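Below, each chain spelled out in residue letters.
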2 protein chains.
Amino acid sequence: MPSNPEKTSRVRVTILVRIREGVLDPQGEAVRQALSDMGHSQVEDVRIGKVIEVILPSEPGIPEKAREWCERLLSNPVVERYEVVSVEPV
Amino acid sequence: MPSNPEKTSRVRVTILVRIREGVLDPQGEAVRQALSDMGHSQVEDVRIGKVIEVILPSEPGIPEKAREWCERLLSNPVVERYEVVSVEPV
C-alpha cells in the first residue's frame with residue numbers, strides 16, 4: 001500500500017539475479033540432495049539465485065540505472081543473468 | 001513456452017526467501033555502501049534474499065509441498081519470510 005506517495009515518493013526496485021543455465025550451482029545441488037533425502041527424489045533440479053530490493057526516492061530513468069548497477073556491481077554477467085522485474089511505489 | 005506438456009509435464013516452482021523487516025542484512029548494507037561510493041547516495045536501503053527455482057514433474061499439491069520445504073529446509077522462519085510466487089510449466 002503506497003502511503004501518501006506525493007509526500008515521500010519512494011520506490012522499491014526488485015531485481016532477480018540467477019545463475020546461467022549450464023553453469024554449476026553447488027548450493028542448488030545441495031538443496032536438491034537434501035530434498036531427495038527427505039523423500040522428494042522426484043525433484044530434478046534446484047537453482048538458487050538472489051532477489052535484490054533497492055529502496056530509493058523516485059527519479060527518472062530508474063530501470064536504466066538498475067541495469068547499470070546490475071552490470072557493474074550486483075551480478076557477474078559471465079555466470080549470472082539479471083532481470084529488473086519491477087519498480088513500485090513503497 | 002511449454003513444449004508438449006502432455007508428454008513431459010514438468011513444472012518450475014519459484015520461491016522467494018527474504019530477510020524479515022527489522023532484521024539486519026549485512027550483505028545488503030555492503031551493497032548500499034558500494035552504490036553510495038559509486039555516486040548513488042540517494043539509495044536508502046538494499047535487501048538481499050534468495051530466489052529458489054525447483055524443477056519437478058507435475059503432481060497434485062505442489063504449492064503445499066513447496067511451503068513445507070520452505071518451512072523445513074529452504075528458509076529460517078525466525079529471520080526470513082518465504083513466498084511461493086509461481087508454479088509454471090517448463
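Higher on the page you've got the structure.
The rules we used
- Residues numbered from 1 in each chain as written.
- Chains lettered and ligands numbered in written order.
- Predicted model: local features only at pLDDT ≥ 70, side-chain atom pairs only at ≥ 80, totals over all residues.
- Heavy atoms only, no water.
- Pairing = 2+ DSSP bridges.
- Helix = DSSP H or I, 4+ residues; strand = E, 2+ residues; numbered from the N terminus.
- Axes fitted to C-alpha atoms, helices over the stretch in contact; angles between N-to-C directions.
- Contact = heavy atoms within 4.5 Å.
- Buried < 20%, exposed > 50% of the residue type's maximum accessible area, 1.4 Å probe, protein only.
- Buried area = accessible area lost by both parts, 1.4 Å probe.
- Salt bridge = Lys/Arg side-chain N within 4 Å of Asp/Glu carboxyl O.
- Polar contact = N/O pair within 3.5 Å; in protein donor to acceptor, adjacent residues only side chain to side chain.
- Nonpolar A, V, L, I, M, F, W, Y, C, P; charged D, E, K, R; others polar.

*Asks:* It is not clear to me how the sheet that holds strand 1 (residues 10-19) of chain A should be interpreted in this structure. Could you clarify?
*Replies:* Within a sheet, each strand pairs with its neighbour through backbone hydrogen bonds, oriented either parallel or antiparallel. With antiparallel pairing, six strands are arranged side by side in an open sheet as 3(A)-1(A)-2(A)-2(B)-1(B)-3(B). The sheet is open, and its two edges are formed by strand 3 (80-89) of chain A together with strand 3 (80-89) of chain B, each paired on a single side. Within this sheet the neighbouring strands show an average axis-to-axis angle of 20 degrees, counted without direction. In the sheet, strand 1 of chain A pairs with strand 3 of chain A via nine bridges, with the strands oriented antiparallel. Looking across to strand 3 of chain A, one finds that R12 of chain A is bridged to E88 of chain A. Relative to strand 3 of chain A, helix 2 (residues 62-74) of chain A is tilted by about 145 degrees, and along the sheet it contacts strand 1, strand 2 (45-57) and strand 3 of chain A.

*Asks:* Whenever I open this one, the environment of K50 of chain A confuses me. Can you help?
*Replies:* Here K50 of chain A shows up in strand 2. You can call K50 of chain A partly exposed: its relative accessible area is 23%. With 33 residues separating them along the chain, K50 of chain A and V17 of chain A place their C-alpha atoms 5.1 Å apart. The contact partners of K50 of chain A, leaving out residues within four places of it in the chain, are I15, L16, V17, L74 and E80 of chain A together with Q27, I48, G49, K50 and V51 of chain B.

*Asks:* Even after reading the chapter, I still don't get the interface of chain A and chain B, so can you show me in this structure?
*Replies:* Interfaces are often sized by the amount of accessible area the parts lose when they come together. Tallying the contact residues gives 32 residues for chain A and 32 residues for chain B. Here chain A packs against chain B, burying approximately 2900 Å² in sum over the two surfaces, 62% of which is carbon and sulfur. Among the residues chain A hides against chain B, the three largest losses belong to E44, V51 and E53 of chain A. Together they make up 19% of the total. Linking chain A with chain B are four salt bridges, by the criterion used here. R10 of chain A is the partner of E44 of chain B in a salt bridge, and the nearest nitrogen-oxygen pair spans 2.6 Å. Along the contact surface separating chain A from chain B lie 16 residue pairs in polar contact (both at pLDDT 80 or more). Considering every element that reaches the side of chain A that touches chain B, the biggest residue donor is strand 2 of chain A, with 13 residues. Residue composition of the side of chain A that touches chain B, grouped by class: 18 nonpolar, four polar and 10 charged. By the bridge criterion, 11 bridges tie strand 2 of chain A to strand 2 (residues 45-57) of chain B in an arrangement that is antiparallel. Note that in strand 2 of chain B the partner of G49 of chain A across the bridge is V51 of chain B.

*Asks:* Got a minute to help me understand the pattern of salt bridges in this structure?
*Replies:* Between side chains of opposite charge, a pair can form as their charged atoms come close. One pass over the structure, following the stated rule, counts 14 salt bridges over all chains. Put simply, E53 of chain B and R18 of chain A hold a salt bridge, and the shortest N to O gap is 2.9 Å. One end of the pair, E53 of chain B, is in strand 2; the other, R18 of chain A, is in strand 1, on a second chain. Of the two residues examined, E53 of chain B and R18 of chain A, each falls in the buried class.

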